[in-house]
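# Topology and contacts: notes
One letter stands for each residue in the lines below.
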Amino acid sequence: MDPRYDIPRRAAGGGGGSANSSPALGAQSRRRKMPPRPADFKLQIIIIGSRGVGKTSLMERYTDDTFCEACKSTVGVDFKIKTVELRGKKIRLQIWDTAGQERFNSITSAYYRSAKGIVLVYDITKQETFDDLPKWMKMIDKYASEEAELLLVGNKLDCETDRIISKQQGERFASRISGMRFCEASAKDNFNVDEIFLKLVDDILSKMPLEVSNKELSNSVLSLQPEPEVPPELPPPRMRCC
Ligand SMILES: Nc1nc2c(ncn2[C@@H]2O[C@H](COP(=O)(O)OP(=O)(O)OP(=O)(O)O)[C@@H](O)[C@H]2O)c(=O)[nH]1
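The following refers to the structure shown. (Residues numbered from 1 in each chain as written. Predicted model: local features only at pLDDT ≥ 70, side-chain atom pairs only at ≥ 80, totals over all residues.)

### Some remarks on the overall build of the protein chain
What counts, and what does not: Helical segments are the DSSP runs of H or I of at least four residues, strand segments are the runs of E of at least two, and each set is numbered from the N terminus. Field definition: a residue is buried when 20 or more other C-beta atoms are found within 10 Å of its C-beta, exposed when 12 or fewer are, and partly exposed for counts in between, with C-beta atoms placed from the backbone. Each residue is represented by a C-beta atom placed from its backbone, and any two residues with such atoms within 7 Å are regarded as in contact.
Per the secondary structure count, the protein chain includes 8 helices and 6 strands. The N-to-C order of helical and strand elements in the protein chain reads α-β-α-β-β-α-β-α-α-β-α-β-α-α. When the 242 residues of the protein chain are sorted by exposure, 31% land in the buried category. Of the contacts formed within the protein chain by residues at least 6 apart in sequence, a portion of 75% connects residues at least 24 apart.

Laid out in structure tokens, this is it:
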């Protein structure tokens, strides 16, 4: 993986060995403990694509390193937060996972506008999820910001023997859309999952003019009051369970 993608790995065993320290040392280290540095930056990323392509699985693999074999379909939208460090900045990522079912489009479309990055997913073993891509591009054109970074992901790479959509087909689709990147991944095998999100964030940061990023930076540092996780005009996301 690119060494610039310097993400804090979840500490194995939960917290630097303090569980084995003596009580006195524990108290001492507690006194010395610095409060975590607040995030410099907030970014929203939205995951879209047809039903069952693995949007939730990619999000959960990235944020919690878990995989669910028999998940329920997402209803409306769900989200997770993950903090990453990139280009010397601490970035708080808000990742929106949207329902693939068309009947939720009126809810999910409201979340496109604020996304700085869009992950469009299809399933390499399901032709119809690839055929649906132009429909999702129409949603992007209609509802997303023109500046949003786009990444096309062919998921379920672990199912190579059932593959219907070749890598070249995915590449060709992405190459026809200005600035769209492409990769294949497997949420199940945890292949290319970190890379999807980190590459997208890196692209977002790299295209931000310095003055804009400084402005956004100071805005986010100044607005330390709790921010609403959901845009106020939108209904709260409906959570799913596995
Ligand atoms: N083999 C394999 N199965 C996967 C992978 N990712 C997801 N799945 C499975 O595909 C099914 C659908 O996954 P979800 O993550 O719920 O798909 P989704 O796109 O969020 O679906 P909707 O919420 O209905 O839009 C589940 O049974 C997952 O276990 C993968 O990389 N490989």
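### What to know about the packing of helix H2 (residues 55-64) against helix H7 (residues 193-207)
The cut-off we apply is this: To obtain each axis, a line is fitted to C-alpha atoms, and for helices this fit is confined to the stretch in contact; angles are then taken between N-to-C directions over 0 to 180 degrees. Any angle that is under 35 degrees is reported as roughly parallel, and any over 145 degrees as roughly antiparallel; angles of 65 to 115 degrees are reported as roughly perpendicular and all others as oblique.
Their axes nearest at 9 Å, the elements H2 and H7 cross at an angle of 85 degrees. In terms of orientation, H2 and H7 fall into the roughly perpendicular class. Mapping the contact onto sequence places Leu58, Arg61 and Tyr62 in H2 and Val193, Asp194, Ile196 and Phe197 in H7.

### Examining the site of the ligand
Using the following cut-off: We call a residue near a molecule or strand when its C-beta atom, built from the backbone, sits within 6 Å of it. Gly is put with the polar residues, along with every residue not named as nonpolar or charged; the nonpolar set is Ala, Val, Leu, Ile, Met, Phe, Trp, Tyr, Cys and Pro, and the charged set is Asp, Glu, Lys and Arg.
Neighbouring the ligand are 22 residues; Gly54, Ser57, Ser73, Thr74 and Gly100 lie closest to it. Per-element tally for the shell around the ligand: the top contributor is H2, with 3 residues. Partitioning the shell around the ligand into residue classes produces 7 nonpolar, 9 polar and 6 charged.

### A word on the nonpolar core
Soluble globular proteins tend to bury their nonpolar side chains together. The condition is simple: Here a nonpolar core is just a set of buried residues of the types Ala, Val, Leu, Ile, Met, Phe, Trp, Tyr and Cys, joined wherever their C-beta atoms sit within 7 Å.
Core analysis: the biggest nonpolar cluster contains 48 residues, and Ile118 and Val119 have the highest contact counts within it. Here the element with the most residues in this core is H7; it accounts for 7 residues. Not counting residues up to four positions away in its chain, the partners in contact with Val119 are Ile45, Ile47, Leu151, Val153, Ile196 and Leu200.

### Considerations on the pairing of strand E4 (residues 117-123)
Consecutive side chains along a regular strand alternate between the two faces of the sheet. Basically, it comes down to this: Pairing between two strands requires that DSSP report at least two bridges joining them.
A large share of E4 lies buried, amounting to 7 of its 7 residues. Neither face of E4 is left uncovered, since the one carrying Gly117, Val119, Val121 and Asp123 and the one carrying Ile118, Leu120 and Tyr122 both have all their residues buried. Of the pairings in the sheet, the one linking strand E1 (residues 41-49) to E4 comprises 5 bridges and is parallel in character. Each residue of the ladder has a partner; that of Ile47, found in E4, is Val119. With 7 bridges connecting them, E4 and strand E5 (residues 149-155) associate as parallel partners. Looking at the pairing, Ile118 lines up with Leu150 of E5.

### With respect to the sheet that holds E5
Within the open sheet, the 6 strands sit side by side as E2-E3-E1-E4-E5-E6. Their pairing is mixed. The two strands at the open ends of the sheet, each matched to only one other strand, are strand E2 (77-86) and strand E6 (181-184). This sheet shows a mean twist of 25 degrees between the axes of neighbouring strands, independent of strand direction. On the sheet, helix H5 (residues 133-143) packs against E1 and E4 and is oriented at approximately 165 degrees with respect to E4. Each of E5 and E6 is contacted by helix H6 (residues 167-175), which is oriented at about 160 degrees to E6, the strand it contacts most.

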